[in-house]
Every structure is written in structure tokens, then in C-alpha cells.
Amino acid sequence: MIVSIASGKGGTGKTSVAVNMALSVGNVQLLDCDVEEPNAYLLLHPEFKRKEIVYTSIPKVDRVLCSSCGECTKFCQFNAIFVASEKILVFPELCHSCGGCELVCPKKAITWEKYNIGTLSFGSTDGVDIVQGELEISKPLAVPVIKAVKKQIDRSRNVILDCPPGTSCSFVETVTGSDFCLLVTEPTPFGLHDLRIAVEVLRKVGVPLGVVINRAGIGDKKVYEYCTKEDLDILLEIPYERRIAELYSKGTPFSLEMTEWTERFQMLFSKIKELSAR
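Residues numbered from 1 in each chain as written. Predicted model: local features only at pLDDT ≥ 70, side-chain atom pairs only at ≥ 80, totals over all residues. Heavy atoms only, no water.

Caption draft 1: Region of the structure containing the layout of surface pockets. By volume, the largest pocket amounts to about 450 Å³. Surrounding the largest pocket, 25 residues form its lining, Gly11, Thr12, Gly13, Arg215 and Tyr248 being those nearest its centre. Residue assignment for the lining of the largest pocket shows that the elements contributing at least two residues are helix 1 (14–25), strand 10 (209–216), strand 11 (234–239) and helix 9 (242–249). Looking at the lining of the largest pocket residue by residue, the class counts come to nine nonpolar, nine polar and seven charged. (1 Å grid on protein atoms, 1.4 Å probe; cavity = no way out; pocket = protein on both sides within 12 Å on 5 of 7 lines; lining within 4 Å. Points joined across faces, edges and corners; volume = space filled by probe spheres on them. Helix = DSSP H or I, 4+ residues; strand = E, 2+ residues; numbered from the N terminus. Nonpolar A, V, L, I, M, F, W, Y, C, P; charged D, E, K, R; others polar.)

Here it is in C-alpha cells:
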């Protein structure tokens, strides 16, 4: 099973759900795809034993061959390359490595060079293997790093993907190919607003989904009404409880101390298997 844990908005508790599920289910590989701010390690405290650099490719222009015709500049929709009469500028932060500039260059003056955009860290703890992606500071392209993280998926194991918040390209890249997506929300107007957007995106992508309501007991019932209306399964409710918040503030997954939750997360994973098999 490949299960994505996502949310329409930040701060709903998706990382807490992902970590507690990983610790409860067993034989799990946890991939932290929130590469702009990975934080599963704050709860798992793994020992990272290996790191890999993530590279993308950026154009390198041969000034001898280049005739300054500007065809590459005209083609690039991201303004990543600029040609003047005496100077050629490449802006790596804007380049999407599509290869179009090389194709349209009549002088074959463009080749490619590596450009560091992030790091993968590999570790383990309590029977959970973790792969963490981290985008380099000032580098805006998260998707290539997420792709590098997902290349590490071990299909012989249960795989949990901790998604980035929101519903942008990073979210879509992470959930694509998952057997199931678990949307973690909260019973507030903000939670409902962003849950609606996430549900719409997942339905277009074609990934089966279910809902976990965190901080149950606050807010109102509109999230429940929406789930009923849209025929969405509410698979688990986590109460707004002081003990859970205290453990979280200490960096301790609450299922380790409140052992009844281990069984509940195991039951949650069983429900996910049943729903994804429909």
C-alpha cells in the first residue's frame, strides 16, 4: 500500500497522523515529501545515516558557438535564459529543465550542467525507515526534490507519504500514484474551505480518499455535513485533548504513550485497505 497523508491547509496535524500510523502499522517506509519544511523527524527522532544531493539540469551556453540569435529566449516561458548582444544570462532558479532551449538553438550551442536543488536524508527508528527530502534555501522548485524522494519507494513495504500542505503542484506530484489519500482536516471554517479544494483536486487526479478529523470537538458540524453530502468516509476522529497536545509539544507521538491509539491507527490502516480495494 502507498498511502498519502495530506491536508488542504497547514497545521491540521497530517504529520502527526502520518508518524503515528507509521509507528502503529509496522513494516513501514515513511517518505517526508514536505520538502520545503520537512518535520516528521521532529517526532521520529531518526538517526540519519546517509545523504544524497538532488540535482536538476540547467542550460550551459557555449559562447563560441552562440550567435546571439535569441531563439532560446523567445522559447523559454519562464524567462530563465536571456540573450543580449554581448552577454548571455541563465537564471537557474527559473529554469524548469524542459530542454526546449537546446532544441530550438540553431547553432547547437546549449548543453547541460548539474545544479544542486536539495538533499535526501536516509534514516530509521523504531522499525520505521524514513526518507526525507529537503529543498535548498532560495531554490523555488520543490517538485524535482519530491520526485527524487518518491524514487526511493520500496513497494515491498507499506509506504506512507507525508504530503506538503495546500493543493499546488507539490501536492499533486506527491499524491499521484498513491493507492489512497487520507485528508486530515479540522472542524473549522478554514478546515472546511481547504478540505473542499483538496477533495476536488483528488477527484480530478483519480486517487481514492477518506477523511480524518483532528481536534474533534472544536468548531462546528459543517465539516461533518460536507462529508455526508459528498459521500466521504470519516475514518477517524482525534479529539481536542490536552494530553495529546502535551505529547506533541514534547516531540512524542501520542500513540507511544496512549497505547489504545496504536490499535486505532491499525484499524484505520485496515479501513484504508478495504476502501482502496473497492
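Caption draft 2: Looking closely at the packing of helix 1 against helix 11 (residues 260–276). Viewed as axis vectors pointing N to C, helix 1 and helix 11 meet at an angle of 95°, and their least axial separation amounts to 8 Å. The orientation of helix 1 relative to helix 11 falls into the category roughly perpendicular. Touching Val17, Asn20, Met21, Ser24 and Val25 of helix 1 are Trp261, Thr262, Phe265, Gln266, Leu268, Phe269 and Ile272, all from helix 11. Taken together, the residues of the contact of helix 1 with helix 11 sort by class into eight nonpolar, four polar and no charged. (Axes fitted to C-alpha atoms, helices over the stretch in contact; angles between N-to-C directions. Parallel < 35°, antiparallel > 145°, perpendicular 65-115°, else oblique. Contact = heavy atoms within 4.5 Å.)

Caption draft 3: Region of interest: the environment of tyrosine 240. The topology assignment puts tyrosine 240 in the loop between strand 11 and helix 9. Residue tyrosine 240 is classed as exposed on the basis of its relative accessible area of 61%. With sequence-adjacent residues up to four places away left out, tyrosine 240 is seen in contact with Arg215, Ala216 and Ile218. (Buried < 20%, exposed > 50% of the residue type's maximum accessible area, 1.4 Å probe, protein only.)

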